[in-house]
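Observations on the model geometry
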Amino acid sequence: MAALCFLAPNLLGFLVFTAFPVVFSLGMSFTNWSLKPTVVTRFVGLRNYVDLFSDRHFWFYLYNTVYFMLGIPIGIAGSLLLAIFLSQPLTVASSRSRFVLGGAMGCMGLLAVLFLVIAGRVELALWVGILFSATLVGILTGKVGFRTLFYLPNFTAGVAVFLLWMQLYNPHFGLINGMLSRILHVLGMGHVELPAWLSSTRSLLGFLPLPESFNCTGVGLGAREAIMIMGIWLGVGGNDMLLYLAGLSNIPLELYESAQIDGAGVWARFCHITWPQLAPTTFFIVVMSTIGGLQGGFEMARVMTEGGPAGTTTTLSYYIYTVGFERLDMGYASSISWFLFLIILGLTLINWKFGNRYVGIS
Amino acid sequence: MSVSRDKSDLSSKASHWHLRKRQIGQLALFVAMVSLACLALVPFVWMVCASVKPHSEVEALHFWPRNPQPANYLVVLRQRDDPHLERKLDLHFGKWYFNSFFVSSWVTMLTVWTSSMAAFAFSRIPWPGRDKVFLMYLATMMVPGLVLMIPNYQIMVSLKLVNTYQGLILPGAFSAFGTFLLRQFMLTIPMSLDEAAEIDGASHFRTFVEVVLPLARPGLITLAIFCFLGNYRSFFWPLVMIKDDWLRTLPIGMLSFNSSYGQQTELVMAATVMCVLPLVVLFVILQKQLVRGIQLGAVKG
């Protein structure tokens with residue numbers, strides 16, 4: 001009885017807002033349920049699911065979703081690299097000389113910036129200022145400071161940061177194309193056409209013989225790459241990096257010491273100690289990113305591109321939103337979301353089966 | 001470095017070389033980290049610079065505005081007239097701020113309350129069928145959030161809570177994940193403490209409040225941080241739930257801001273800075289707990 005008193009508030013909410021909706025949406029995926037007042041809801045059997053298979057939009061958006069997920073391995077590799085960097089002993093200065101060195105660097109930076117401002121090179125002063133501040137943070141706070149800076153993009157992720165990146169990707173006055181054109185000028189390739197980013201339907205896999213409904217217009221950097229690059233910038237220093245850091249700190253140091261005595265190099269130590277020891281962490285990250293990736297892309301699509309150009313950035317989650325809340329076809333939307341769930345479930349089971357074996361061996 | 005110096009079996013020359021090599025390695029590592037940190041920072045610097053540019057300079061490639069115009073912030077906050085429209089903006093940025101904090105705080109308080117009670121029932125009180133019910137909780141954590149959104153919207157329509165604060169707060173207040181997290185945390189607290197309290201004649205409620213809750217504090221803080229952040233950023237649910245500008249939270253407010261005033265990049269960026277700033281402050285304050293929480297969640301989950 002006592003247990004029920006403790007459980008009641010949560011259980012009530014759980015039944016109303018989680019358990020009932022699960023059952024309800026599964027049931028409704030077999031109907032033509034619509035929010036349009038003229039449509040009478042009736043049972044249609046498996047028709048929604050059959051329609052799904054012949055819905056060429058669905059396959060296109062599934063392809064987009066999977067395409068975005070190609071960024072996951074890059075992100076994981078980056079996170080691992082950052083975590084390895086952060087786990088190295090970093091003794092720039094002993095704790096005593098740290099403040100002396102930091103103070104000296106701070107004064108130097110301040111002087112340099114002041115000098116450049118007086119000389120009228122405000123732009124250069126800004127860059128020097130950024131560089132000196134990052135160095136100063138590194139000297140004064142060491143690894144904690146770097147970890148904070150790496151984690152910041154992930155922490156602030158959201159609509160505001162997406163709006164910021166929309167500006168950075170502006171083909172004419174955005175930061176990214178500005179940088180690219182400067183670099184290309186220096187390399188003497190000023191005539192090379194700059195990518196149009198969010199308004200381009202090109203992709204790096206544009207050479208694949210895809211169906212015409214997939215709206216591919218050739219090889220290049222397009223909206224999908226833009227979102228992928230932003231995703232990597234957001235995610236690489238995020239939770240995965242922290243998980244790898246925790247994993248790295250759990251590896252016994254004796255393993256490295258004995259390997260060093262045996263004369264193993266950096267690469268050999270990574271292959272035979274670090275990577276196998278981190279296998280459980282990697283496994284966890286892969287499972288979670290797969291689940292997240294298949295459901296992802298909604299916010300970016302809604303905020304940055306509205307799914308376009310020509311549907312190239314529409315992921316399944318955005319498709320469910322448009323079908324359900326714009327076309328008001330809730331039954332069909334439910335069936336897509338359940339189909340997505342089946343894909344997630346299947347992939348997770350596969351991950352589990354093969355991953356466990358891999359983790360078990362090492 | 002002192003270790004390699006102590007090794008007497010190495011010749012002094014070899015040891016010197018070793019030291020040099022390590023110093024170079026350290027320097028290279030430091031330089032790599034500084035450049036990566038700059039890469040993480042530059043977009044934010046651009047954002048701040050763009051937010052104080054006058055409209056005529058927004059499309060220029062230079063970072064630093066020639067004629068800084070901090071009044072952009074006042075325009076966004078409706079303290080000044082918009083120089084183009086020559087009247088105040090139609091959107092209520094300040095109110096979105098309040099809404100975001102208000103909704104996130106309520107959801108966090110309710111979630112911590114309901115989840116800790118449920119976690120207590122799942123971890124400290126034996127009752128028939130306990131593990132089966134818990135398994136049901138776990139099973140629903142597998143279901144994608146999207147599957148739940150559509151029926152939840154229908155429930156809100158039936159309860160006539162669309163376009164209200166309650167509609168935003170209620171569905172978030174009962175978290176299976178939170179219950180799971182706290183249950184795992186409470187399992188690490190020794191049961192003997194409960195038994196001792198019971199012998200002293202304490203009720204379940206007193207044991208909960210005076211023994212378990214204080215010891216579960218790190219878990220509660222972790223859940224509170226996750227929950228607050230998740231709701232501060234929450235996008236899908238407010239997007240379908242809220243129709244009035246007056247009730248918008250920051251993320252969907254920003255979306256409407258961009259669609260109404262997207263041409264005035266400097267204003268969008270000023271609003272963006274104000275959106276991101278509380279997060280940066282929160283992060284600097286809470287980062288120790290947050291890092292521990294994320295690492296804890298993975299080890300246990």
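Keep in mind that this is a model prediction, so the values were computed, not measured.

What follows concerns the overall build of chain B. Looking only at helices and strands, chain B features 14 helices and 0 strands. Reading chain B from its N end, one meets helices and strands in the order α-α-α-α-α-α-α-α-α-α-α-α-α-α. For 301 residues, the compact-globule formula gives about 19 Å, and the C-alpha radius of gyration of chain B, at 26 Å, lies well above that figure. Principal axes of the C-alpha set define a box for chain B whose edges measure 85 × 75 × 35 Å. Considering only intrachain contacts with a sequence separation of at least 6, the fraction spanning at least 24 residues in chain B is 68%. Of the accessible surface of chain B, which amounts to about 14,400 Å², a share of 64% is contributed by carbon and sulfur atoms. Treating the 26 positive side-chain charges of chain B as one cloud and the 17 negative ones as another, the clouds have centres 8 Å apart.

Residues and elements named next belong to chain A. Contact pair helix H3 (residues 56–69) / helix H4 (residues 71–87): the axes reach a minimum separation of 4 Å and the direction vectors enclose 15°. Classed by the angle they form, the pair H3 and H4 counts as roughly parallel. On H4, the residues that touch Tyr67, Phe68 and Met69 of H3 are Gly71, Ile72 and Pro73. Split into classes, the residues belonging to the contact of H3 with H4 amount to 5 nonpolar, 1 polar and no charged.

Taken together, the contact between chain A and chain B spans 91 residues of the former and 91 residues of the latter. When chain A packs against chain B, close to 8,300 Å² is buried across both sides, 82% of that on carbon and sulfur atoms. Counting the surface chain A buries against chain B, the share from its top three residues, Phe6, Phe17 and Phe155 of chain A, is 11%. Counting the contacts that link chain A with chain B gives 0 salt bridges. Taken together, the links from chain A to chain B amount to 8 residue pairs in polar contact (both at pLDDT 80 or more). Counting residues per element, the side of chain A that touches chain B draws most heavily on helix H1 (residues 2–28) of chain A, which supplies 19 residues.

Rules and cut-offs
- Residues numbered from 1 in each chain as written.
- Chains lettered and ligands numbered in written order.
- Predicted model: local features only at pLDDT ≥ 70, side-chain atom pairs only at ≥ 80, totals over all residues.
- Heavy atoms only, no water.
- Helix = DSSP H or I, 4+ residues; strand = E, 2+ residues; numbered from the N terminus.
- Rg over C-alpha atoms; globule rule 2.2 N^0.38 Å.
- Contact = heavy atoms within 4.5 Å.
- Areas by Shrake-Rupley, 256 points an atom, 1.4 Å probe, with all protein chains shown as cover.
- Lys, Arg positive; Asp, Glu negative; His and termini not counted.
- Charge placed at Lys NZ, Arg CZ, Asp CG, Glu CD.
- Axes fitted to C-alpha atoms, helices over the stretch in contact; angles between N-to-C directions.
- Parallel < 35°, antiparallel > 145°, perpendicular 65-115°, else oblique.
- Nonpolar A, V, L, I, M, F, W, Y, C, P; charged D, E, K, R; others polar.
- Buried area = accessible area lost by both parts, 1.4 Å probe.
- Salt bridge = Lys/Arg side-chain N within 4 Å of Asp/Glu carboxyl O.
- Polar contact = N/O pair within 3.5 Å; in protein donor to acceptor, adjacent residues only side chain to side chain.

Any link to function would need more than the numbers given here.
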